[in-house]
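# Architecture and fold: a report
These are the residues of each chain, in order.
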Amino acid sequence: MIQSEHLSLILSLFPSMAEITEEDWNQEGINVLQMEPNYIIEEGQFLEYVFMILEGTVRMYKISASGREITLYRIHDGECCPLMTSSILGGSEYEASACVETAGLVLIIPAKIFQDWMDRYSTFRQYIFKSLAKRIILLSSLLDSIHFKSIRGRVAEFLVQLADQSGNPDSLHITHDSMSVELGTAREVVSRTLKGLEKEAIIQLSRGKITIINRSALEDYMEL
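Predicted, not measured: the structure shown is a model, and the values here were computed from it.

### Considering the overall build of the protein chain
Across its full length, the protein chain carries 9 helices and 11 strands. Overall, the protein chain is about 65 × 35 × 30 Å in size when its C-alpha atoms are taken along their principal axes. The buried share of the protein chain, taken over its 224 residues, is 44%. Within the protein chain, counting contacts between residues at least 6 apart in sequence, those at least 24 apart form 68% of the total. About 12000 Å² of surface is accessible on the protein chain, with carbon and sulfur atoms providing 51% of the total. Side chains of the protein chain give 20 positive and 31 negative charges; the mean places of these two sets differ by 10 Å.

### Structural notes on the packing of aromatic side chains
One pass over the structure, following the stated rule, counts 4 aromatic pairs. Arranged with centres 5.2 Å apart and planes meeting at 75 degrees, the rings of tryptophan 25 and tryptophan 117 form a pair that is edge-to-face. Separated by 92 residues along the polypeptide, tryptophan 25 in helix α2 (residues 22-25) and tryptophan 117 in helix α4 (residues 111-120) bring together distant segments of the chain. When the ring of phenylalanine 114 is compared with that of phenylalanine 124, the centres are 5.8 Å apart and the planes differ by 85 degrees; the resulting orientation is edge-to-face. Linking phenylalanine 114 in helix α4 with phenylalanine 124 in helix α5 (residues 122-148), this pair joins segments that are 10 residues apart in sequence. A single burial state applies to phenylalanine 114 and to phenylalanine 124, both of which are buried. Members of the aromatic cluster, joined through ring pairs, are Trp25, Phe114, Trp117 and Phe124.

### A closer look at the sheet that holds strand β2 (residues 40-41)
The 4 strands are arranged β2-β7-β4-β5 in an open sheet whose pairing can be described as antiparallel. Both outer strands of the open sheet, β2 and β5 (69-75), are each paired with one neighbouring strand and no more. With 5 bridges connecting them, strand β4 (residues 57-63) and strand β7 (residues 97-102) associate as antiparallel partners. Bridging across to β7, methionine 60 finds its partner in alanine 98. Sheet strands in contact with helix α3 (residues 82-90) are β2, β4, β5 and β7, and its direction is about 90 degrees off that of β5. Lying over the sheet, helix α7 (residues 176-183) contacts β4 and β5, oriented at roughly 80 degrees with respect to β5.

### A few points about the pairing of strand β11 (residues 209-212)
Residues Ile210 and Ile212 point to one face of β11 and are all buried, whereas Lys209 and Thr211, pointing to the other face, are not buried. Both strand β9 (residues 171-172) and β11 contribute to a ladder of 2 bridges, which runs antiparallel. Bridging across to β11, serine 171 finds its partner in threonine 211. Looking at chain direction, strand β10 (residues 203-206) and β11 are connected through 4 bridges and run antiparallel. Its bridge partner being in β11, leucine 205 is matched across the sheet by isoleucine 210. If you look at the hairpin formed by β10 and β11, you'll find 2 residues sitting between the two strands, and glycine 208 has a positive phi there, around 70 degrees.

### Looking at the environment of serine 171
By the element assignment, serine 171 lies in strand β9. Residues serine 171 and isoleucine 213, 42 residues apart in the sequence, show an inter-C-alpha distance of 9.3 Å. When sequence neighbours within four positions are dropped, the list of residues in contact with serine 171 reads Ser166, Lys209, Ile210 and Thr211.

### Let's talk about the packing of α4 against α5
In contact at an axis separation of 6 Å, α4 and α5 are set at 110 degrees when each is read in the N-to-C sense. In terms of orientation, α4 and α5 fall into the roughly perpendicular class. For the pair α4 and α5, the contacting residues are Phe114, Trp117, Met118, Asp119 and Arg120 in the first and Ser122, Phe124, Arg125, Ile128 and Phe129 in the second. Its residues placed into classes, the contact of α4 with α5 shows 6 nonpolar, 1 polar and 3 charged.

### Focus on the layout of surface pockets
Considering only enclosed or pocket space, the largest pocket measures out at about 730 Å³ in volume. If you trace the largest pocket, you find 22 residues lining it, with Leu72, Arg74, Phe158, Gln161 and Glu182 closest to the centre. Sorting the residues of the lining of the largest pocket by element identifies β5, α5, α6 (151-165) and α7 as the ones contributing at least two each. Ranked by residues supplied to the lining of the largest pocket, first place goes to α6 with 6 residues. Class assignment of the residues belonging to the lining of the largest pocket gives a composition of 8 nonpolar, 8 polar and 6 charged. Here the second largest pocket is characterised by a volume of approximately 210 Å³. Along its surface, the second largest pocket is lined by 16 residues, and Met35, Tyr39, Phe51, Val100 and Val106 are the ones closest to its centre. Secondary structure elements with two or more residues in the lining of the second largest pocket: β1 (31-35), β3 (49-53), β4, β7 and β8 (104-110).

Rules of the game
- Residues numbered from 1 in each chain as written.
- Predicted model: local features only at pLDDT ≥ 70, side-chain atom pairs only at ≥ 80, totals over all residues.
- Heavy atoms only, no water.
- Helix = DSSP H or I, 4+ residues; strand = E, 2+ residues; numbered from the N terminus.
- Buried < 20%, exposed > 50% of the residue type's maximum accessible area, 1.4 Å probe, protein only.
- Contact = heavy atoms within 4.5 Å.
- Areas by Shrake-Rupley, 256 points an atom, 1.4 Å probe, with all protein chains shown as cover.
- Lys, Arg positive; Asp, Glu negative; His and termini not counted.
- Charge placed at Lys NZ, Arg CZ, Asp CG, Glu CD.
- Phe/Tyr/Trp six-rings, centres within 6.5 Å; stacked < 30°, edge-to-face > 60°.
- Pairing = 2+ DSSP bridges.
- Axes fitted to C-alpha atoms, helices over the stretch in contact; angles between N-to-C directions.
- Parallel < 35°, antiparallel > 145°, perpendicular 65-115°, else oblique.
- Nonpolar A, V, L, I, M, F, W, Y, C, P; charged D, E, K, R; others polar.
- 1 Å grid on protein atoms, 1.4 Å probe; cavity = no way out; pocket = protein on both sides within 12 Å on 5 of 7 lines; lining within 4 Å.
- Points joined across faces, edges and corners; volume = space filled by probe spheres on them.

Shown next as structure tokens:
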């Protein structure tokens, strides 16, 4: 049974669920759980629950047959994973992996109840479809970047985006290994590209940190 304080949090983050009745909320299997850091859901599973994030961050990623990893996107407070919802609605295997990056709370809804709510609650159904459309656009942009941008352009774009998200935009704390995972390329390629940018006095490298020296020059590379 969902506690009242949890329900208040859920409805503040997911107003599309406001029309769901108290009787429906009290169905067996619906719960709010603590997400543990580094908990992983692996690709290829048939999911029994939909996960809706109340607090924390979950990273969605793919691993190739050769073992190379690429980040698809992240979901945060007030979001759910469209790949998970589409997997459950389609009765198919989950087509990505998920890892808890930041601990927090998650609402879990059994697959059968989720499917029933999708049928009966139009506002909730519209929210799920909008979430799916939003991520399709994001994944399309990711594919465009991989196929049509140079590695220098992709690295520059990643650094600028990371700077925009950071509280200290000129000093980014990230390793070459982490960047290679985010971009889905080899560590050696990332390191070589970063060293090239350093030689041009666009960035400065130190252990676990990248300092942006010339942001405008970095932004120019984003178009390549």
